[in-house]
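Notes for the structure review
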Amino acid sequence: MTTVLQGTQGDAGTELWRDASAPADDRVRDLMSRMSVREKVAQLSGIWVGADPTDGDVAPQHESAPTPAPWPDLIRHGVGQMTRLYGTAPVDPVAEAHVVAAVQRQITANGPGIPALVHEECLTGLAAWKAPVYPAPLSWGASFDPDLVRRMAVQIGSTMRRLGIHQGLAPVLDVTRDLRWGRTEETIAEDPYLVSVIGAAYVTGLESTGVVATLKHFAGYSTSRAGRNLAPVSIGARELADVILPPFEAALRAGVRSVMNSYTDLDGVPSAADASLLTERLRGTYGFTGTVVSDYFAIPFLETWHKTAGSRSEAAAQALTAGIDVELPNADCYGAPLLEAVEAGLVDPALIDRAVERVLAQKCRLGLLDADWSPRPPILSVSEAVTEPGTEAETGAEAGRTAGSPLDDASTRALAAELARRSIVLLRNEAAALPLTAGARLAVVGPRANVADAMFGCYSFPRHVGLRHPDVPLGIEVETVLDALRHDPAGYAVTFAEGCTVTGGDARTLAEATAAAREADVCVAVLGDTAGLFGTGTSGEGCDATDLRLPGRQGDLLDALIATGTPVVLVLLVGRPYELSRYADRLAGVVCAFFPGEEGGGAIADVLAGRTEPAGRLPVSFPAEGANQPSTYLAAALGGQNVLSPMVNQTALFPFGHGLSYNPAVWTRVESTGSGIWPTDGTCRVAVTLRNTGTTATSEVVQIYLHDLVSEVVRPVQFLVAAPRVDLAPGATRTLLVDLHADQTSYTGLAGRRVVDPGDVELRVGASSTDIRAALPVRLTGPRREVGFDRRLQPEVSFAGE
């Protein structure tokens, strides 16, 4: 064992903590031995430069934050993190890279000389001006393509690294439970398996670039009562373990290095003060060794909202004891209040050391403690188009907006387009109304048809920050659906009428739209959501819905368009599914895109024209009649339609996993091997043979659901255990082999432990949760087993003869 003495020197006289060749633990101990308590506490919080406390659009919680101290006082003892230097205002990214370098120089000239870790939002791409905007997470789920999502995350992480950003606040792993919740657009799916595989792929991609991924929101945020943001959560331990936590487990296994707490309380205990969640489970059961960061203002909420703390010092004590290492975005509690808590005996100084060790270990592994670390972001080594900012910029003020940006290049746009095309879902196609006929007269109608940022979710920069800067251009090129159809090589004759706004409209605008529809061969109605924050949109954080009817007068517009007799193709640009049963059987076609990003307009035009085969599958169910029923497919028998509740229809209009094709694959064989016997510690193989009899490429998502005939607790009727995508060239035949491990059948039993039970189950194999092509009876044989965090989470997938 190495004993590190205070003031130890490394090789060639370098202080040990700066010696990159020394073990990380030794370096951290050496550095901590040199730090005062104030310097240690300074490492446990962020500084949000440029955030305006009077502006509630970015974070209304910020209004309750204390007035920040002068800049020299803020950095006197060092800084743990810098909050959103790129993502708070529309600053040119190259100019801001100079600001980052200047700020880091100032920080390292103070206190112990430790650089700050820079973090940003990155859910749909880096949330910065001029950075590419990728499809929203529901589109990731709709793609059923984890490798494509991984590639997207690699591009996002590479962009962040170039700008000197070390940590990204993504992905969101909340499993959708109530579709009225505004943050549904940020989730991946209503199924924990799909969230697990897609979320883990994002983590793998981002972490592979050296950027720290951050899991959000641990845990239970999406299960708030009535789908309201920040509302209490009243789920049981079994739902938490079997539905909410598996995606976090998968992402932790993928190597994530940071976790963010949920705002909500679980059965009366705020997650920010829950040691059983943040320490016993996360670190004890799961073995997590990274950092836990607070969601913005979550620690002061313990005093102001949750009322479990009587002061900010008590809030700091509760959060630090529970296991939150870093307070974001500012030092509202992990500053003077935490020091007061130490002096008052509310906090054991050893808890500060525990958190600081984790923070410094992460900085060490990021290279921030190395002697040759440079404050200059890598982008400055290849782009010097902007002169080093002056004193004002160096203190964090807004940089210039005139320099060019190399962030949104051909490769990022190509990947954004590929993911957009892969995620667009064809829900209905009556009498082969689609693809559209070349040269057709199109009436393009609707409030989302001619709006560029209709493609973006609430955590994209244009909708997250750009709303407050209407005079600043988007900073990226975005084609609307209307523009894409007008310029389409199919040569459509296009007219346009808005018809209504997303939440408004009148008789005159409706009449203009119906007049345009009557003169057309096909009416393309582009309807949906506007993403926003805290009431500024119909979808997004703090934009919860009371029901699932189309917002505003869009339903009236759709009725009026259908009444013209012209075939109507509905294109949805949405952040959640809506209740369409009143229109569905009168529509010629329905196409859904979940905020498909900067290349979404062209991708939609490609699908409508037939140049792209519709490949998306629904990650969330579209409800049938009864717009207040937010259920998902993942329900027990009594959670669906039943004779004891005949007035409420829980049958989905378009079910989870649904998606049509122009050239659907032919299913020729589905079978299981092993004579229907599945060892409780072994695997069961399912073989599916698909053929493409068409002249164009096609793609199918083979979905395998498990139905447990008898279990000791109530379980969902069926749940997804595999969903590999199979691409088929024209005329090709492929046999998919899926090896399912018995661990995937496990559930939390009566004793509160996860078990694999012997007994009869059924593997339902199909093209959606209701389009089942074969039901394979299988018997699990052998002893009852207990499994834990190290259980098998995913099947092995291969192809016969390949």
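Up top is the structure.
Here is a short report on the structure shown in this document. This structure is a prediction, so every number in the text was calculated from the model and none was measured.

On to the overall build of the chain. In terms of helices and strands, the chain carries 21 helices and 31 strands. By the compact-globule yardstick of 28 Å for 802 residues, the chain fits well, its C-alpha radius of gyration being 27 Å. Of all 802 residues assigned to the chain, the portion counted as buried reaches 62%. Excluding contacts between residues fewer than 6 apart, the proportion of contacts in the chain whose partners are at least 24 apart in sequence is 79%. With an accessible surface of roughly 27,500 Å², the chain has 50% of that area assigned to carbon and sulfur atoms. A distance of 3 Å separates the average location of the 66 positive side-chain charges in the chain from that of its 94 negative side-chain charges.

Below, the discussion takes up the pairing of strand β28 (residues 759-766). Bridging between strand β22 (residues 703-708) and β28 involves 6 bridges; their strand directions are antiparallel. Bridging across to β28, His707 finds its partner in Glu762. Note: β28 against strand β29 (residues 772-781), 8 bridges, orientation antiparallel. Each residue of the ladder has a partner; that of Gly766, found in β29, is Ile772.

Quick look at the nonpolar core now. Nonpolar side chains in soluble globular proteins generally cluster together in the buried interior. In terms of nonpolar packing, the biggest core is built from 167 residues, with Met82, Tyr202, Phe218, Tyr334, Trp678, Ile704 and Leu763 touching the most fellow members. For Ile704, the contacting residues outside a window of four places in its chain are Val686, Phe719, Leu720, Val721, Ala722, Val738, Leu740, Leu763, Arg764 and Val765. The next biggest cluster of nonpolar side chains, apart from the first, holds 39 residues, and it includes Cys500, Ala517, Ile562 and Val620.

The N-to-C vectors of helix α1 (residues 24-33) and helix α14 (residues 349-365) enclose an angle of 125 degrees; their axes lie 9 Å apart at closest approach. Considering their axes alone, α1 and α14 lie oblique with respect to each other. Pair α1 / α14 crosses with right-handed handedness. Two secondary-structure elements touch here, α1 through Ala24, Asp25, Arg27, Val28, Leu31 and Met32 and α14 through Asp353, Val356, Glu357, Leu360, Ala361, Cys364 and Arg365. When grouped by side-chain class, the residues that make up the contact of α1 with α14 number 8 nonpolar, no polar and 5 charged.

Mapped onto the elements, Asn229 comes out in the loop between β5 (212-218) and α8 (237-244). Taking relative accessible area as the criterion, Asn229 reaches 15% and is therefore assigned buried. Considered as a pair, Asn229 and Ile47 are 182 residues apart in the sequence and their alpha carbons are 25 Å apart. Residue contacts for Asn229: discarding those within four places in its chain leaves Trp181, Arg183, Tyr221, Phe534, Glu541, Gly542 and Asp544.

Bringing the pattern of salt bridges into the picture now. Within this structure, the stated rule accounts for 49 salt bridges. Linking Glu598 and Arg413 is a salt bridge whose minimum nitrogen-to-oxygen distance equals 3.6 Å. Of the two residues, Glu598 sits in the loop between β15 (589-593) and α21 (600-609) while Arg413 sits in helix α16 (residues 410-423), which places them 185 residues apart along the sequence. With respect to burial, Glu598 and Arg413 carry one shared label: buried. Arg669 is the salt-bridge partner of Glu671, the closest N and O atoms lying 2.8 Å from each other. It is possible to trace a salt-bridge network through shared partners that takes in Arg553, Asp556, Asp559, Arg582 and Arg586.

Conventions we followed
Going along each chain's sequence as written, the residues are numbered from 1 onward. Residues qualify for local features only when their pLDDT is at least 70, as the model is predicted, and side-chain atom pairs are given and counted only at 80 or more; totals for whole chains, interfaces and linings, by contrast, use all residues. Side-chain measures here rest on the full set of heavy atoms in the structure, leaving out hydrogens and waters. What counts as a helix is a DSSP run of H or I of at least four residues, what counts as a strand is a run of E of at least two, and both are numbered from the N terminus. The globule rule used for comparison is 2.2 Å times the number of residues to the exponent 0.38, while the radius of gyration itself is calculated over C-alpha atoms. Three labels apply to residues, based on accessible area from a 1.4 Å probe with only protein chains included: buried if under 20% of the type maximum, exposed if over 50%, partly exposed otherwise in between. Contacts: residue pairs with any heavy atoms within 4.5 Å of one another. The accessible surface values rely on the Shrake-Rupley method and a 1.4 Å probe; as for residues, cover is taken only from the protein chains in view. The charged-residue count follows a simple rule in which Lys and Arg add positive charge and Asp and Glu add negative charge, with His and chain termini not counted at all. For this purpose, a charge sits on NZ of Lys, CZ of Arg, CG of Asp or CD of Glu. One requirement defines pairing of two strands: DSSP has to find at least two bridges between them. To qualify as a nonpolar core, a set must consist of buried Ala, Val, Leu, Ile, Met, Phe, Trp, Tyr and Cys residues joined through side-chain atoms within 4.5 Å. Angles here are taken between N-to-C directions and fall from 0 to 180 degrees, while the axes themselves are lines fitted to C-alpha atoms, restricted in helices to the stretch in contact. For this classification, under 35 degrees means roughly parallel, over 145 means roughly antiparallel, 65 to 115 means roughly perpendicular, and everything else is oblique. For a crossing to be left-handed, the near helix must be turned anticlockwise from the far one by less than a right angle; the clockwise case is right-handed. Each residue is assigned to one class: nonpolar for Ala, Val, Leu, Ile, Met, Phe, Trp, Tyr, Cys and Pro, charged for Asp, Glu, Lys and Arg, and polar for all the others, Gly among them. The term salt bridge refers to a pairing of a side-chain nitrogen on Lys or Arg with a carboxyl oxygen on Asp or Glu at a separation within 4 Å.

By themselves these figures say nothing about function.
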